[in-house]
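Listed here are the chains, written in short residue letters.
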Amino acid sequence: MRPHFHFTPQSGWINDPHGITYRDGGYDTFFQYVPGQTVWGPNCHWGHARGRDLFSLEELPVAIAPGEGDGGIWTGSLVTGADGKTRVFYTSTSEPDIGIGRVRIATPDDAKWISWSKGDFVVDAPAGLDLIAYRDPFLRQDSDGWRMFVGAGDRAGTAMALSYRSDDLQEWTYEGVALERSSAETADVWMGALWECPQIIDVDGRAVMVSSIWQADVLYYSGYAIGTYEAGRFVAERWGRLTWGDSYYAPSFFRDEQDRPCLVFWMRGIEDLDAGWAGAHSIPYILSIEGDVLVATPHPDIEQYREPGATGLAADITWTPDAAGLRLTSGGEDAATLELSGAGELTVRIGDAVHAFPAAGEVRVIVDGPVLEVVSRRGLFGAPIAPRGDTLTVTAGDDSDVTVHPLAR
C-alpha cells in the first residue's frame, strides 16, 4: 500500500528531505536515499524529485552518489548566489568515523538539475570542541554575507549549531557556536545531545531555530527555539517541542512560491518492505508564531485535491475535539481512533499503541493510505497506520463538529 499524497521512493530507502526549491512553476526536492535496500546505510545518495507541487512529485535520477572521496552523501542545503549559480552544500562522510562529516560543494551541469559535479571540501569540524558528531549544513543569507550552520554534539552531551561566514560561498570562516544547550537541561522541553539538521530561520519577524533531537543513536522528535538572532549568534528565549509520535524527524525548511516559511519532515515507519521501499515525506506545512509557540499548518495546496464524493483511503478532515471522539475505520476494523483525554490533550490509538499529545482548537486529520497526520496549533502527530480495506469511514458523535474532505487526483 503506497500513499498518494506523501512522497515515497520508487524503491529503496529515503529519509531526510532537503534542498526544496520552488522554480520555473514547480518544486525540486532532494532527499537522503539508499538505493537497493529498505534499511538505512551509511552509503547515502542524494535523490531528486520534481512536481508542480509537493503533493505530486515524480522521482528523477540520483543527483549525487558516493565516490570521488565521499563514502556517503548526507543531508545538506541548496542556495543560489548573487552570481546566479546554484550550489548544494552536503555532508560528506567516510568510514569508520561517519559521525564526523565534512562539508562539500556540488553544482548542477544542466538547467534541470539532473547531473551534478562535485567541487571542493569547504568546511571541516573545528578543533578543540571534542565533538562526537558534525553534519547537516544549512545556509542563509544575512546582511553581512552568507551564514552556514552545522549541527554538532560534544562528548559532554552538549548539542550545538556551529556558525561559519562567507562573502562568496567558497571561502568560509568559522565564527564559533551560534547556539548550544546541554542534554542535562529540561526547562520547556528536553533538546537532546545533538541537533541534526539545525536551521536558523525567520518566521513572523522572530528568529527560530528548528532541529531534530538525537541522543546515543536514538532519534526522538523535532524541537525548536524562539529568540533573537544577529550576525551568527542566536539567543534562545523559549524552547518548544513541535512533533509527537515516533514518525516525524529531520524537518527541512523552504519558502514556497509566495515566499511563506515552510517545513517538510521525514516520516519513519511508512513502508512496504515486500514492495521494496521504505520512508516517506510528510505533507508540507506553513509556519507561523502564536505568542511563543511555533505553529505548523497544512499547506493550502492540499485543498486543490479535495474531491466531494470520491472514495478511497485519502481524506483531509477538520474536527473540533469533543468527548465523542473520532473513529477512522477501513475494512470493518479501526485504523485509528482519536479521543479528547483531558485538558488540552488528545489520545490517538493505533492498534495496541496509545499516544497522547497537546491540542488546541480545531484539529486537522490527514489520512493517506498508510499515513496518519494529526495537526493542532500546539504541535503535530504522525504515525503509520494499516487500513484493512479500500475505503475509509470517518465516524464521530451526532453533535460533533467534523467535516470530511475526500482527497483524489
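Structure: see above.
Residues numbered from 1 in each chain as written. Predicted model: local features only at pLDDT ≥ 70, side-chain atom pairs only at ≥ 80, totals over all residues. Heavy atoms only, no water.

## Looking at the overall build of the protein
When its secondary structure is counted, the protein shows zero helices and 32 strands. The C-alpha radius of gyration computed for the protein amounts to 21 Å, which stays within 12% of the reference 22 Å derived for 409 residues, consistent with globular compactness. Considered along the principal axes of its C-alpha atoms, the protein spans approximately 65 × 45 × 40 Å. Across the 409 residues in the protein, those meeting the buried criterion constitute 58%. For the protein, the exposed surface amounts to about 15,900 Å²; the carbon and sulfur share of it is 46%. Across the protein, 31 positive and 59 negative side-chain charges occur, with their mean positions spaced 2 Å apart. (Helix = DSSP H or I, 4+ residues; strand = E, 2+ residues; numbered from the N terminus. Rg over C-alpha atoms; globule rule 2.2 N^0.38 Å. Buried < 20%, exposed > 50% of the residue type's maximum accessible area, 1.4 Å probe, protein only. Areas by Shrake-Rupley, 256 points an atom, 1.4 Å probe, with all protein chains shown as cover. Lys, Arg positive; Asp, Glu negative; His and termini not counted. Charge placed at Lys NZ, Arg CZ, Asp CG, Glu CD.)

## Remarks on the environment of R155
The topology assignment puts R155 in the loop between β10 (145–154) and β11 (158–166). Separated by 204 residues in the primary sequence, R155 and A359 place their C-alpha atoms 36 Å from one another. Once you skip the residues sitting within four places of it in the chain, R155 turns out to touch D130, L131 and I132. (Contact = heavy atoms within 4.5 Å.)

## Points about the sheet that holds strand β24 (residues 326–330)
Strand order in this open sheet of five strands is β27-β26-β25-β24-β31, and the pairing throughout is antiparallel. The sheet terminates laterally at β27 (353–358) and β31 (393–396), the two strands that pair on one side only. Taken over all neighbouring pairs, the strand axes of this sheet differ in orientation by 20 degrees on average, direction set aside. Note that β24 and β31 share four bridges and pair antiparallel. Across the sheet, residue R327 finds its bridge partner in β31, namely T395. (Pairing = 2+ DSSP bridges. Axes fitted to C-alpha atoms, helices over the stretch in contact; angles between N-to-C directions.)

## Re the packing of aromatic side chains
Per the counting criterion, the structure on display carries 23 aromatic pairs. The interplanar angle of 85 degrees and the centroid separation of 5.8 Å between the aromatic rings of F30 and W116 together place this pair among those described as edge-to-face. You can see F30 sitting in strand β2 (residues 26–34) and its partner W116 sitting in strand β8 (residues 116–123), a full 86 residues away along the chain. Grouping residues by exposure puts F30 and W116 together as buried. Ring pairs connect the aromatic residues F30, W46, W113 and W116, which therefore count as one cluster. Across the ring face of W113, the terminal group of R23 is positioned such that the distance to the ring centre comes to 3.6 Å. When the ring centre of Y221 is taken as reference, the NZ or CZ atom of R241 above it lies at 3.9 Å. (Phe/Tyr/Trp six-rings, centres within 6.5 Å; stacked < 30°, edge-to-face > 60°. Lys NZ or Arg CZ within 6 Å of the ring centre and 35° of its normal.)

## Brief notes about the pattern of salt bridges
Taken as a whole, this structure holds 27 salt bridges when the rule is applied. Between K118 and D70 there is a salt bridge, and its shortest N-O distance comes to 2.9 Å. Of the two residues, K118 sits in strand β8 while D70 sits in the loop between β4 (58–64) and β5 (72–80), which places them 48 residues apart along the sequence. Among the salt bridges present, the one from R306 reaches D316, with a minimum N-O distance of 3.0 Å. Placement of the pair is R306 in the loop between β22 (293–298) and β23 (314–320) and D316 in strand β23, with a sequence separation of ten residues. It is possible to trace a salt-bridge network through shared partners that takes in R140, D142, D144, R147, R165, D167, E175 and D202. (Salt bridge = Lys/Arg side-chain N within 4 Å of Asp/Glu carboxyl O.)

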